[in-house]
Amino acid sequence: MEIQQTDSDKKGEFYYEVDGKKLGLMTYSHAGSDKIIIDHTEVDASLKGQGIGYKLVEASVTYARANNLKIMPLCPFANAVFKKKSEYNDVRF
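Quick caveat: nothing in here was measured; it's all calculated off a predicted structure. (Residues numbered from 1 in each chain as written. Predicted model: local features only at pLDDT ≥ 70, side-chain atom pairs only at ≥ 80, totals over all residues. Heavy atoms only, no water.)

Asker: For this particular structure, what's the right way to read the pairing of strand S4 (residues 35-43)?
Answerer: Along any regular strand the residues' side chains alternate between the sheet's two faces. Relative to S4, strand S3 (residues 21-30) runs antiparallel, the two being bridged by seven bridges. Note on S4: the bridge partner recorded for Gly24 is Val43. Count of turn residues in the S3/S4 antiparallel hairpin: four residues, of which Gly32 carries a positive phi of about 75 degrees. One crossover worth recording links S4 to the parallel strand S5 (residues 70-73) by way of helix H1 (residues 52-66), and it is right-handed. (Pairing = 2+ DSSP bridges. Helix = DSSP H or I, 4+ residues; strand = E, 2+ residues; numbered from the N terminus. Right-handed = clockwise from strand over helix to strand, strands pointing away.)

Structure follows, in structure tokens:
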């Protein structure tokens, strides 16, 4: 399973794609040069229970660590994952 990413100066997304269709998506906005805000996560019902949402959050944490960023998880799902995974505290804003 490969999580992909697109990013611009203001917004970006992590996504899981099957046959050209995004079945898992997490969007974020840049807030200054050192922070991103996760604002939405959705996974197609056909992938329920496969951990795609967790993989999207994990990809954002990897990206934040590599780019010296902090994450503000405004999305309820992402926020719940951050509360469960204390190992992500180093990037939480």
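Asker: Looking at this structure, how should I read the packing of H1 against helix H2 (residues 76-84)?
Answerer: Packed helix pairs are specified by the crossing angle of their axes together with the interaxial distance, meaning the distance between the axes. Axis separation between H1 and H2 bottoms out at 10 Å; the angle between their running directions is 75 degrees. Comparing their axes, H2 and H1 come out roughly perpendicular. On H2, the residues touching Gly53, Tyr54, Val57 and Val61 of H1 are Phe77, Ala78, Val81, Phe82 and Lys84. (Axes fitted to C-alpha atoms, helices over the stretch in contact; angles between N-to-C directions. Parallel < 35°, antiparallel > 145°, perpendicular 65-115°, else oblique. Contact = heavy atoms within 4.5 Å.)

Asker: How should I be thinking about the environment of Ala78 in this particular structure?
Answerer: Along the chain, Ala78 turns up in helix H2. Note: C-alpha distance between Ala78 and Val91 (13 residues apart in sequence) is 13 Å.

Asker: Sorry if this is basic, but what is going on with the packing of aromatic side chains here?
Answerer: How two aromatic rings sit relative to each other is given by the distance of their centres and the angle of their planes. Scanning all chains against the criterion turns up five aromatic pairs. For the ring pair Phe14 and Tyr63, a centre distance of 5.8 Å and an interplane angle of 70 degrees mean the geometry is edge-to-face. With Phe14 in strand S2 (residues 11-18) and Tyr63 in helix H1, this pair connects stretches of sequence that are 49 residues apart. Among the aromatic residues, ring-to-ring pairing joins Phe14, Tyr28 and Tyr63 into one connected group. Lys22 extends its terminal NZ or CZ atom over the ring of Tyr15, reaching a point 4.4 Å from the ring centre. Seen from the ring of Phe93, Lys35 lies directly overhead, with NZ or CZ sitting 3.7 Å from the centre. (Phe/Tyr/Trp six-rings, centres within 6.5 Å; stacked < 30°, edge-to-face > 60°. Lys NZ or Arg CZ within 6 Å of the ring centre and 35° of its normal.)

Asker: Sorry, what's going on with the sheet that holds strand S1 (residues 3-7) here?
Answerer: Spatially, the five strands line up as an open sheet ordered S1-S2-S3-S4-S5, and their pairing is mixed. The strands lining the two open edges of the sheet, one partner per strand, are S1 and S5. Neighbouring strand axes in the sheet, compared pairwise and without regard to direction, differ in orientation by 30 degrees on average. Bridging between S4 and S5 involves four bridges; their strand directions are parallel. By the bridge assignment, Ile36 is partnered in S5 with Ile71.

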